[in-house]
Amino acid sequence: AMFINKMVFGLLYFDFFHILVIFIILGIGADGTFVVIDAYKQSRFLMDDELERLIYSWSRATSTVFSTSFTTCVAFSVTGFTTLIPLSTFGIFAALTIATNFVFVCTIVQSTVVNWERWFVKNIEEFKTQEENKKEMSNEETLAALIDRHNKYFEIYYVPFVLKYRRTLTLMGFTVGILGMVGVAQVSQLTEPELFFPEDHSLANYVEDIALEFLSGEEDEFALLTVFWGVDSIERDIAARYAGDIDNFDDEVTFAPNFDISDYQAQQAIITACELIENHTCSLEVCQGFTTLDLPETPTYRGTCTMRDFHDWYNFSEALPTINRTLLNSRLMLFLEEKPEYIPHIGFVNGEVEFVSIEYRLTLPLLVAGDGVQEYIDILDDLVKVYDALAPSTAKPINYAADRFSDYALEIALVDTVTRGLIITFPIVFVVLLIASGNWVLAAISVVAIAFIVITVMGTVFGLLGWELGVAESIVSIMIVGLSVDYAIHLGHMYTVGGKTEGFHSREDKFHYSILTMGPTVLAGGVTTLGAGIFLFAAQITFFGKMGVLLTLTVCCSLFYSLVFLMAFVVWCGPEGKFANLECNFPTKK
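The numbers attached to residues start from 1 for each chain and follow its sequence in the written order. Local features in a predicted model are, by the rule used here, given only for residues with pLDDT of at least 70; side-chain atom pairs are given and counted only at 80 or more, and totals for whole chains, interfaces and linings are based on all residues. Water and hydrogen atoms play no part in the side-chain values, which are based on all heavy atoms of the structure.

1. A word on empty space enclosed by the protein
Over the atoms a probe the size of a water molecule is rolled, and this reveals where empty space is left.
Inference 1: Here a cavity is any set of points on a 1 Å grid over the protein atoms alone where a 1.4 Å probe fits but cannot get out, and a pocket is any open set with protein on both sides within 12 Å along at least 5 of 7 lines; a residue lines the site when it has an atom within 4 Å of a point. Grid points are joined across faces, edges and corners, and a volume is the space filled by probe spheres set on the points. Applying the stated criterion to the full structure yields four cavities of 30 Å³ or more.
Inference 2: Space inside the largest cavity adds up to approximately 110 Å³.
Inference 3: Looking at the largest cavity, the residues that line it are Val227, Ala273, Leu276, Ile277, Ile358, Leu380, Leu383, Val384, Tyr387, Ile398, Asn399 and Tyr400.
Inference 4: Going through the elements one at a time, helix H11 (264-279), helix H14 (370-390) and strand S6 (398-402) are the ones with two or more residues in the lining of the largest cavity.
Inference 5: Ranked by residues supplied to the lining of the largest cavity, first place goes to H14 with four residues.
Inference 6: In this classification, the charged set is Asp, Glu, Lys and Arg, the nonpolar set is Ala, Val, Leu, Ile, Met, Phe, Trp, Tyr, Cys and Pro, and all remaining amino acids, among them Gly, are polar. Each residue belonging to the lining of the largest cavity can be placed in one class, and the counts come to 11 nonpolar, one polar and no charged. Numbering of helices and strands starts at the N terminus; helices are DSSP runs of H or I of at least 4 residues and strands are runs of E of at least 2.

Following this line, the structure appears as structure tokens:
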């Protein structure tokens, strides 16, 4: 996956949280391996020929693992379409890793299992049952023949428990899911800077105890607003960013053809924009007690109104309204020579002024919550509308930017990524479940279980733990769908197989068959993924600690909603016989 990611796709960007893919694939890879091993073991009771067993186990395991791998790949691929390059490259790399794992499971793992049995399993004859005898077995005998040392505890304890308390367990699942909805309703964007170190770390203490509570009034602690003219568009060098070549971005700027600073009316319009910012009052709570939009002047700070300062500096005999472009450019050159601090604000390109900017410190603290940032953006948008109604075409377009606005855009992008991912992923999951299970009702019940897994995990971290929607939460909100669908597909697929290939009619028998053939696999897959997630708790960087919490919580909820809720639901009111089956070519038991 790393080779394809770098050498084929040319994605050289690799951040620290890309390492998380290793822990994810440990659990998913083990899950696929368990499916292959169990399918090959169970083939002992169906046929004797090794090639027939290989074909049987390969087809069954491949269809199941493909369904789980496909949905997980889709979940990560959706993350790959975000505009945030770190998240995008993470999603692409994770999707490639899942796809590579699927190929390995269908080839290397399958052949390894065959050779393992050849070389290490003794007395294989005692497991073999002639196919002729298998055809004569009753449903009870078929189920009894499936019991071995791996699933006997499911037979002794789990099956009677679920059959007895099926209604209670189903209602319990609905109750937990509804409580999760209450927690999801409390989800919020970041109200404080996202910390990447533990609370007792010195950097975390600085941000929480000093920067947030004791703003000293230094200008650098407030957002720097830049308003600029003359830039029509910027074409980003996306390829260089994905390649991780941060020192050689080749962005292309397109300047507005109608912008003309030599027009005296355009100069006056820029000065008017300065006055709109300076004279606007601020009564918002986020203004930190200031009454203006821009920070009041201090001995070390004053706003930069470029054209007004140029007019104040101008002391030539020619009147500004009457000079031509060539003369104005020469005067601006002299202005920049005497006052080099204005060089960033007057852009000469090939001897012509292509852009002009002004700069102010807003009364917006850098560490303010997202809602406060949006209030400032709304004010500036209103001021832009007022400006557009007054300014000539030679002083357009006008744009603005601020460092805190960029952070806020990141927060919005994270929310959009989660929302778009869930909207795209869930319909695909339903289609995959429908194809894998071959039953409308079973697919619908499975989607409900998966939705409750997502809701419960997100409700727990946002409602109980008080987390906010940051980078880790955004990644996992999509990843949850991919991880949680695995166990539902495994169990639902075998529920369908029990009816279509083994001849079971009642929902109790199909549930029983599904658990005996896939219960240990699901449990083992969950345990291995939990093992991978637990190691993340020891990480010093809180991002990995959060991922450990989210990964283990996702697995626990997935196990509960697949082994408890889903199985109790189907054994209570799941499809019987051929009810709601799709018209597919499944072999039937004669």
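2. Examining a negative patch on the surface
Inference 1: Surface patches are drawn from residues lacking salt bridges whose relative accessible area is over 30%; two like charges belong together within 9 Å, two nonpolar side chains (Val, Leu, Ile, Met, Phe, Trp, Tyr) within 5 Å. Note on areas: Shrake-Rupley with a 1.4 Å probe; residue coverage comes only from the protein chains shown. What makes a salt bridge here is a side-chain nitrogen of Lys or Arg within 4 Å of a carboxyl oxygen of Asp or Glu, nothing more. His is not counted here, nor are the chain ends, while Lys and Arg score as positive and Asp and Glu score as negative. Every charge is mapped to an atom, namely NZ of Lys, CZ of Arg, CG of Asp or CD of Glu. A grouping of Glu285, Asp371, Glu375, Asp378, Asp381 and Asp382 is seen on the molecular surface, where their side chains present a negatively charged patch.
Inference 2: Summarising the element assignment, Glu375 is placed in helix H14.
Inference 3: For every residue, the accessible area obtained with a 1.4 Å probe (protein chains only) is divided by the maximum for its type, and the residue is called buried under 20%, exposed over 50%, and partly exposed between those limits. Note on Glu375: relative accessible area 33%, which makes it partly exposed.

3. Section: the side chain of Ser88
Inference 1: Locating Ser88 in the fold gives a position in helix H4 (residues 85-120).
Inference 2: A polar side-chain atom of Ser88 sits 2.5 Å from the main-chain carbonyl oxygen of Gly80.
Inference 3: Any two residues whose heavy atoms approach within 4.5 Å at even a single point are treated as in contact. Once you skip the residues sitting within four places of it in the chain, Ser88 turns out to touch Thr79, Gly80, Thr82 and Tyr242. As used in this structure description, the phrase polar contact means that two N or O atoms lie within 3.5 Å; if the pair is within protein, one of them must be able to donate a hydrogen and the other to accept it, and residues adjacent in sequence are counted only when both atoms belong to side chains.

4. Overview of the pairing of strand S1 (residues 222-229)
Inference 1: The sheet contact formed by S1 and strand S5 (residues 352-365) spans seven bridges and is antiparallel. The residue bridging Thr226 from the neighbouring strand is Glu359, located in S5.
Inference 2: Pairing between two strands requires that DSSP report at least two bridges joining them. Here five bridges tie S1 to S6, and the two strands are oriented antiparallel to one another. The partner of Val227 across the bridge, within S6, is Tyr400.

5. Structural notes on the state of the cysteines
Inference 1: Cysteine sulfur atoms that pair up within 2.5 Å are treated as a disulfide. Following the criterion strictly, the structure yields one disulfide and no others.
Inference 2: A disulfide bridge connects Cys274 with Cys305, and the sulfur atoms are separated by 2.1 Å. Between Cys274 and Cys305, the S-S torsion sits near 95 degrees, and that sign places the bridge as right-handed. With a gap of 31 residues between them, Cys274 in helix H11 and Cys305 in the loop between H11 and helix H12 (306-313) connect regions that are remote in the sequence.

6. A word on helix H16 (residues 440-464)
Inference 1: Given a helix with a known number of residues, its expected span is that number minus one, times 1.5 Å. A rise of 1.5 Å per residue sets the reference length of H16, with its 25 residues, at 36 Å; its end C-alpha atoms lie 35 Å apart and thus fit the reference within 8%.
Inference 2: With respect to burial, H16 is a largely interior element, 18 of its 25 residues being buried.
Inference 3: Where H16 begins, one side-chain oxygen reaches toward the backbone nitrogen of Val441, 3.0 Å away; that side chain belongs to Asn439.
Inference 4: With its phi angle positive at about 70 degrees, Gly466 sits one or two positions after the end of H16.

7. Details of the pattern of salt bridges
Inference 1: Summed over the entire model, instances satisfying the criterion amount to seven salt bridges.
Inference 2: Here Glu278 makes a salt bridge to Arg308, at a shortest N to O gap of 2.5 Å. Taken together, the residues Glu278 in helix H11 and Arg308 in helix H12 connect sequence positions 30 residues apart.
Inference 3: The partner of Glu576 in a salt bridge is Arg507, and the shortest N-O contact between them spans 3.9 Å. With Glu576 in the segment after helix H19 (542-573) and Arg507 in helix H18 (residues 507-534), the pair connects residues that are 69 residues apart, well separated along the chain.
Inference 4: By relative accessible area, Glu576 is classed as partly exposed at 29%.

8. A word on the side chain of Asn329
Inference 1: Within the fold, Asn329 resides in helix H13 (residues 325-338).
Inference 2: Given the relative accessible area of 7%, Asn329 is considered buried.
Inference 3: Discounting residues that sit within four places of it in the chain, Asn329 has contacts with Phe348, Gly351, Glu352 and Val353.

9. Focus: unusual backbone geometry
Inference 1: Omega for the bond connecting Lys396 with Pro397 falls within 30 degrees of zero, at 0 degrees, which places this linkage in the cis form.
Inference 2: With respect to the helices and strands, the residue Pro397 is situated in the loop between H14 and S6.
Inference 3: Here Asn350, not a glycine, exhibits a phi torsion of approximately 55 degrees, which is positive.
Inference 4: With respect to the helices and strands, the residue Asn350 is situated in the loop between strand S4 (346-349) and S5.

10. Some words on the packing of aromatic side chains
Inference 1: Centres within 6.5 Å are what make two rings of Phe, Tyr or Trp a pair, Trp counting through its six-membered ring; a difference in plane orientation under 30 degrees is then read as stacked, over 60 as edge-to-face, and the rest as tilted. The tally for this structure, following the rule as stated, stands at 27 aromatic pairs.
Inference 2: Between Phe14 and Phe93, the ring centres sit 5.7 Å apart and the planes meet at 70 degrees, which makes this aromatic pair edge-to-face. Placement of the pair is Phe14 in the loop between helix H1 (2-8) and helix H2 (20-42) and Phe93 in helix H4, with a sequence separation of 79 residues.
Inference 3: By relative accessible area, which is 36% here, Phe14 ends up partly exposed.
Inference 4: Among the residues examined, Phe93 registers a relative accessible area of 8% and is labelled buried.
Inference 5: Relative to Phe335, the ring of Phe310 has its centre 5.4 Å away and its plane inclined at 80 degrees; by these criteria the two rings are edge-to-face.

11. Looking at the packing of helix H8 (residues 166-184) against H16
When two helices pack together, their arrangement is given by the angle between the helix axes and by the axis-to-axis distance.
Inference 1: Every axis in this analysis is a line fitted to C-alpha atoms, fitted for helices over the stretch in contact. Angles between the N-to-C directions lie between 0 and 180 degrees. Taken N-terminus to C-terminus, the directions of H8 and H16 make an angle of 45 degrees; their axes are 7 Å apart at the nearest point. Between H8 and H16, the angle falls in the class oblique. Between H8 and H16 lies a crossing of left-handed hand. Between H8 and H16, the contacting residues are Gly173, Phe174, Val176, Gly177, Gly180, Met181, Gly183 and Val184 on the first element and Val448, Phe452, Ile455, Thr456, Met458, Gly459, Phe462 and Gly463 on the second. An angle below 35 degrees is read as roughly parallel, one above 145 as roughly antiparallel, one from 65 to 115 as roughly perpendicular, and any other as oblique. Working rule for handedness: look at the near helix, and if it is turned counterclockwise from the far one by less than a right angle, call the crossing left-handed; if clockwise, right-handed.

12. A look at the confidence of the model for the protein chain
Inference 1: Note on scores: pLDDT gives the predictor's confidence for each residue, bounded by 0 and 100. On average, the protein chain scores 84 in pLDDT, and the residues at 70 or more come to 89%.
Inference 2: Under a pLDDT of 50 for its full length, residues 584-590 has, in the predicted model, 13 contacts with residues more than four places off or in other chains.

13. Comments concerning the nonpolar core
Inference 1: Tyr158, Phe511, Ile515 and Met547 are the most contacted members of the largest nonpolar core, which has 91 residues in total.
Inference 2: No other element matches the 19 residues that H19 contributes to this core.
Inference 3: With sequence-adjacent residues up to four places away left out, Phe511 is seen in contact with Tyr158, Val159, Val162, Leu163, Tyr495, Met567 and Val571.
Inference 4: Counting 54 residues, the second-largest nonpolar core is a separate cluster that includes Phe222, Cys282, Ile358 and Leu383. As used here, the term nonpolar core means buried Ala, Val, Leu, Ile, Met, Phe, Trp, Tyr and Cys residues forming a set that is joined through side-chain atoms within 4.5 Å.

14. Description of helix H17 (residues 471-500)
Inference 1: Look at H17: 44 Å from first C-alpha to last across 30 residues, which is about the 44 Å you get at 1.5 Å a residue.
Inference 2: One axis is fitted to the seven residues ending at the residue and one to the seven starting there. The bend at that residue is the angle between these axes. The largest bend in H17 is about 35 degrees, located at Met479.
Inference 3: Of all 30 residues in H17, 29 are buried; the element is thus mostly enclosed.

15. Some words on the sheet that holds S6
Inference 1: Spatially, four strands are ordered S4-S5-S1-S6 in an open sheet, and the strand pairing comes out antiparallel. Each end of this open sheet is capped by a strand with a single partner; those strands are S4 and S6. Adjacent strand axes in the sheet meet at a mean angle of 25 degrees when their direction is disregarded.
Inference 2: Note that S4 and S5 share four bridges and pair antiparallel. Paired with Phe348 across the bridge in S5 is Val353.

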